[in-house]
Amino acid sequence: MTDPTGRRAELEARNAAMREQVDSLLGELRKKTSELRETQERAMAITATAVSQDGSVRATVDSAGALTELEFSPSAFDRTTPARLSRLATETVRQAVAKARTELNEVLAPAQAGPSIDLSEMLPGVPSLSDLIPKPPVVPQTPEPPRRSAPAPDEDDGNSVMDRSGW
């Protein structure tokens with residue numbers, strides 16, 4: 001028969017060790033949660049700007065790649081056709097999105113390296129920390145349209161009598 005006093009001491013020692021382990025895990029969880037919150041704030045604050053090679057278009061996007069500002073230089077409309085300016089604006093926006101995506105990936109990389117603890121392994125039903133880490137958005141890559149030497153029928157080649165005051 002086992003000694004009740006010895007058994008009790010053993011259970012108290014195991015209980016104390018388990019409490020210490022849980023306290024350590026909770027401390028690490030608080031630290032990771034704080035780090036994730038800071039990472040999320042940094043990610044949400046990202047903006048990126050791109051300027052076309054000729055300087056006629058400037059595009060700014062937010063961390064999700066949404067266009068927040070599109071500017072044209074005063075001479076942008078004098079130096080090109082509407083169709084070419086449209087393509088240049090689209091290309092410049094894509095460059096800004098690529099910059100934002102790169103910066104977002106850099107900000108999120110440490111968080112995606114994986115948490116050192118995962119309570120879901122110890123406690124059934126608890127969500128995994130890796131499920132809570134945001135994944136960077138995927139920006140669809142669309143191929144550039146082929147360059148044409150002559151303007152298409154819907155393009156303004158500068159020789160039309162089209163009213164330049166609007167659509």
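Look up: the structure comes first, before these words.
Read on for an overview of the structure. (Residues numbered from 1 in each chain as written. Predicted model: local features only at pLDDT ≥ 70, side-chain atom pairs only at ≥ 80, totals over all residues. Heavy atoms only, no water.)

## Some thoughts on the overall build of the chain
Going by this rule: The way it works is that DSSP assigns letters per residue, a run of H or I at least four long becomes a helix, a run of E at least two long becomes a strand, and they are numbered from the N terminus. Whether a residue is buried, partly exposed or exposed follows from its accessible area with a 1.4 Å probe, protein chains only, as a fraction of its type maximum: under 20%, in between, or over 50%, in that order. By the convention used here, residues are in contact when the closest approach between their heavy atoms is within 4.5 Å. To measure how exposed things are, a 1.4 Å probe is used in the Shrake-Rupley method; for residues, cover is taken only from the protein chains shown.
A tally of regular secondary structure across the chain gives 4 helices and 3 strands. For the chain, the succession of helices and strands along the chain, N to C, is α-β-β-β-α-α-α. Taking all 167 residues of the chain together, 23% fall into the buried category. Excluding contacts between residues fewer than 6 apart, the proportion of contacts in the chain whose partners are at least 24 apart in sequence is 55%. A total accessible area of about 12,300 Å² is found for the chain, and carbon and sulfur atoms account for 55% of it.

## What about the packing of aromatic side chains?
The test is simple: Classification of ring pairs rests on two measures: the distance between centres of Phe, Tyr or Trp rings, Trp counted by its six-membered ring, which must be within 6.5 Å, and the angle between planes, read as stacked under 30 degrees, edge-to-face over 60 and tilted in between.
Scanning the entire structure with this criterion turns up 1 aromatic pair. Between Phe72 and Phe77, the aromatic rings sit 5.5 Å apart at their centres with planes inclined by 50°, giving tilted as the arrangement. Take Phe72: its relative accessible area is 33%, and that puts it in the partly exposed class. Here Phe77 falls in the exposed class, since its relative accessible area comes to 53%.

## Quick word on the pattern of salt bridges
Opposite charge on two side chains lets them pair, provided their charged atoms get close. Quick note on the threshold: Note on definitions: salt bridges are taken to be side-chain nitrogens of Lys or Arg within 4 Å of carboxyl oxygens of Asp or Glu.
Counting across every chain of the model gives 4 salt bridges. Between Glu10 and Arg7 there is a salt bridge, with the nearest N and O atoms lying 3.7 Å from each other. Of this pair, Glu10 and Arg7 both sit in helix H1 (residues 4-44), 3 residues apart, which is roughly one turn of the helix. Salt bridges sharing common partners tie together Arg7, Glu10 and Arg14.

## Regarding a nonpolar patch on the surface
To be explicit about the condition: Each patch groups residues whose relative accessible area exceeds 30% and which form no salt bridge, using 9 Å between like charges and 5 Å between nonpolar side chains of Val, Leu, Ile, Met, Phe, Trp and Tyr.
Taken together, the side chains of Leu67, Leu70, Phe72 and Phe77 present a nonpolar region at the surface, about 370 Å² in accessible area. Topologically, Leu70 is positioned in strand S3 (residues 67-72).

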